[in-house]
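Structure assessment
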Amino acid sequence: MSKEKIEFLYLSEPDMIEAGVLDMKECINVMEEVFTLMSENDYLMGGPKGSSHGMKLWYPKEKRGRNMPVAGDDRRAMTMIAYVGGEYDVCGNKWYGSNVANRERGLPRSIHSITLNDPETGAPLAMCSGNLVSAMRTGAVPGLATKHLRSESASVVGIIGAGVINRAALIAICESLGNVELVKIYNRTASKAEALCRELSEETGIRMTAVSSAEEAIRESDVISVATSGGTPVIIEDGWIKKGALIHLVGTASLSEDMYINSRVVVDNWNMHLDWIDDGMRHPDGIESLMASAPAAPLMKLYLEKKKDHADIVSLGDIITRRAAGRQRSEETIIFIAGGIPAEDVAWAHTVYSRALEKGIGQKLLLWEKPHWA
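The rules behind the values
- Residues numbered from 1 in each chain as written.
- Predicted model: local features only at pLDDT ≥ 70, side-chain atom pairs only at ≥ 80, totals over all residues.
- Heavy atoms only, no water.
- Helix = DSSP H or I, 4+ residues; strand = E, 2+ residues; numbered from the N terminus.
- Pairing = 2+ DSSP bridges.
- Axes fitted to C-alpha atoms, helices over the stretch in contact; angles between N-to-C directions.
- Contact = heavy atoms within 4.5 Å.
- Parallel < 35°, antiparallel > 145°, perpendicular 65-115°, else oblique.
- Nonpolar A, V, L, I, M, F, W, Y, C, P; charged D, E, K, R; others polar.
- Buried < 20%, exposed > 50% of the residue type's maximum accessible area, 1.4 Å probe, protein only.
- Right-handed = clockwise from strand over helix to strand, strands pointing away.

Looking now at the environment of Pro342. Looking at the secondary structure, you find Pro342 in helix 11 (residues 342-359). When the C-alpha atoms of Pro342 and His53 are compared, they prove to be 6.8 Å apart, with 289 residues separating the residues in sequence.

Moving on to the sheet that holds strand 11 (residues 223-226). Sheet architecture is open: 8 strands sit in the order 10-9-8-11-13-17-15-16, paired in parallel fashion. Each edge of the open sheet is held by one strand with a lone partner, namely strand 10 (208-210) and strand 16 (313-315). This sheet shows a mean twist of 20° between the axes of neighbouring strands, independent of strand direction. Relative to strand 17 (residues 334-337), strand 13 (residues 246-249) runs parallel, the two sharing 4 bridges. Paired with His248 across the bridge in strand 17 is Phe336.

Here the focus is the environment of Lys63. Tracing the chain through its elements places Lys63 in the loop between strand 3 (55-56) and strand 4 (76-84). Each C-alpha atom, one on Lys63 and one on Asn93, is 29 Å from the other, the two residues being 30 residues apart in sequence. Ignoring anything within four residues of it in the chain, the contact list for Lys63 reads Met68 and Val70.

Turning our eyes to something else, we now look at the packing of helix 2 (residues 24-39) against helix 3 (residues 131-149). At a minimum axis separation of 8 Å, helix 2 and helix 3 run at an interaxial angle of 75°. In terms of their interaxial angle, helix 2 and helix 3 are classed as roughly perpendicular. The segment helix 2 lies against helix 3, with Met24, Cys27, Ile28, Met31, Glu32 and Phe35 engaging Met136, Arg137, Gly139, Ala140, Val141, Leu144, Lys147 and His148. Class assignment of the residues belonging to the contact of helix 2 with helix 3 gives a composition of 9 nonpolar, 2 polar and 3 charged.

On to the pairing of strand 17. With burial as the criterion, each face of strand 17 is covered, one bearing Ile334 and Phe336 and the other bearing Ile335 and Ile337. Direction of pairing for strand 15 (residues 264-267) relative to strand 17: parallel, over a ladder of 4 bridges. Across the sheet, residue Arg264 finds its bridge partner in strand 17, namely Ile334.

All right, on to the pairing of strand 8 (residues 156-160) then. Two faces, one strand: in a regular strand the side chains alternate between the faces of the sheet. The element strand 8 is extensively covered by neighbouring structure, given that 5 of its 5 residues are classed as buried. Both faces of strand 8 are covered, namely the face carrying Val156, Gly158 and Ile160 and the face carrying Val157 and Ile159. For strand 8 and strand 9 (residues 182-186), the ladder comprises 5 bridges, and the chain directions are parallel. Residue pairing for strand 9: Val156 is matched across the bridge by Leu182. After leaving strand 8, the chain enters helix 4 (residues 164-177) and then returns to the sheet as strand 9, a path that is right-handed. For strand 8 and strand 11, the ladder comprises 4 bridges, and the chain directions are parallel.

Structure representation (structure tokens):
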């Protein structure tokens, strides 16, 4: 057994920024590679089926110990592990902590850290600040889906939720569309929508306006992105949705059964959502346990009720590799659902880590000079 010295690279958030974590164009390119690898089955995630979203601590509804946290809006603690093949050939894990109440403490809702490891030995390669990795890859995926699923005439974007994720998603969608004429942003706190409009209109040169309702943001929009947090999903009525619209659900939303049944449904990775169904069904509350946190939960429910068939649900990677058809008609309404895939975090973190190595960014930390017991 090797007794060699092992060091790994520590990358703070400023380090990650310096190494290019905010490069959305490159992030979309990396996500396209990841989805191609998933379609080719050159990846692994947790669980015996290799398709788990992650292992989650299910906080109880009532306190069971003196200090034990209880269930709350967007309160999650998860470990999300993956191996990504191809040119990446790396293992990694994202630790995901989330709590809406963090904002009262001046903290982001979610706090992430990511480790990268050698897939053969398990030795650590890097420990990275993960918030910007997570936000960028989450936003890049709707941008990638827009590239492959948009209608040719799409030029108006509707945004529901003006937080970190939709900020990234909007940048990615505009990058992929290239001809955006108008962006309409709705947020429950109007000042956040107004601030995002000011910031990104200056950055992109695209006309953006804050609107007073979800309906106003959705009507006449060609591409719609929903990314909200909290326990109450946004209600979207069928009559608001333009024919041929592409609806991105990165957060939870309330759409009618008819909308799901009569629309083309594309997901990031259907195998992952099937695994998620298994998790939900083992919970005392069944599939209802996922309604507040899993964007695909309403689709899962329709699948279990046999109202939406397996054959009617397509994974984005299969569209990219042409194993499945993309948009088939200009007036076809498409719902794209992204639940968040740990392979995306690992690939983007590894890309930024590789840049950091090239540029000499970050701090080397010692694991051991030689193992005490070996």
